[in-house]
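Working through the structure, step by step
What follows is the residue order along each chain.
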Amino acid sequence: MTFEELNEVRTLKKQIAAAKQKITALRDSVESITPRLEPTPKARTTESRVEVLTALIVDTDAEINNLQARLQQAVPELTEKILAENLDNAEHTLLIYRYVACKYFRDIGFLMGYSENWVYWKHSQILKKIRVD
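Read on for an overview of the structure. Predicted model only: the values in this text are computed from it and were never measured.

Criteria and thresholds
- Residues numbered from 1 in each chain as written.
- Predicted model: local features only at pLDDT ≥ 70, side-chain atom pairs only at ≥ 80, totals over all residues.
- Heavy atoms only, no water.
- Salt bridge = Lys/Arg side-chain N within 4 Å of Asp/Glu carboxyl O.
- Helix = DSSP H or I, 4+ residues; strand = E, 2+ residues; numbered from the N terminus.
- Buried < 20%, exposed > 50% of the residue type's maximum accessible area, 1.4 Å probe, protein only.
- Phe/Tyr/Trp six-rings, centres within 6.5 Å; stacked < 30°, edge-to-face > 60°.
- Contact = heavy atoms within 4.5 Å.
- Arc of directions from axis to C-beta.

1. A look at the pattern of salt bridges
For the structure shown, the criterion picks out 3 salt bridges. Two residues, Lys-122 and Glu-91, come together in a salt bridge whose shortest N-O distance is 3.1 Å. With Lys-122 in helix 5 (residues 116-130) and Glu-91 in helix 3 (residues 89-100), this residue pair connects regions lying 31 residues apart in the sequence. Its relative accessible area of 4% is what places Glu-91 among the buried residues. Note that Lys-129 is salt-bridged to Glu-91, the shortest N-O span being 3.2 Å. Residue Lys-129 is located in helix 5, and its partner Glu-91 is located in helix 3; the two are separated by 38 residues in the primary sequence.

Written out as structure tokens, the structure reads:
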């Protein structure tokens, strides 16, 4: 298993969050421009900006849909790959918490009943064991 494969779900979730923030910023921009629309020659330029921003929102929304579809495929695939590794239950659980559920090491330690330092150590041991490139 490669490092990219392990981090695919985390990467997709980050991309989705970034795209959602972009849509929020674009919508805020549209709302700040819209009240200024006036029946003047200048209004046409403002309307053009609104149209451009609206198109960007639609494109970003489509991007989010694509990322979410990829995420729906990636989660079971990654889970299957992790479970296929020759590891014990605690090791499988740690990897699933980290790479599928995207938990922080401190949260994994809390959920599993171990210290954060143990989780860091065990994680590095697991990666060596499965020889992640």
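2. Brief notes about the packing of aromatic side chains
According to the stated counting rule, one finds 2 aromatic pairs in the structure shown. Ring geometry for Phe-105 against Tyr-120: centres 4.3 Å apart, planes inclined by 35°, an arrangement best described as tilted. With Phe-105 in helix 4 (residues 105-112) and Tyr-120 in helix 5, the pair connects residues that are 15 residues apart, well separated along the chain. Between Tyr-114 and Trp-118 the ring centres are 3.8 Å apart and the planes differ by 20°, which places this aromatic pair in the stacked class.

3. Let's talk about the environment of Leu-71
Mapped onto the secondary structure, Leu-71 falls in helix 2 (residues 41-84). Under the relative-accessibility criterion, Leu-71 is labelled buried at 15%. Note: C-alpha distance between Leu-71 and Glu-8 (63 residues apart in sequence) is 8.4 Å. Each residue touching Leu-71, except ones within four places of it in the same chain, is listed here: Val-9, Leu-12, Lys-13 and Ile-16.

4. Overview of helix 4
Side chains three or four residues apart in an α-helix point the same way, a direct result of the helix having 3.6 residues per turn. Listing the buried residues of helix 4 in full gives Phe-105, Ile-108, Gly-109 and Met-112. The arc that holds the buried residues of helix 4, viewed along the axis, is 100°, so those residues lie on one side. The secondary structure elements touched by the buried residues of helix 4 are helix 3 and helix 5. Taken from the residues just after helix 4, Gly-113 is the one with a positive phi, measuring 80°.

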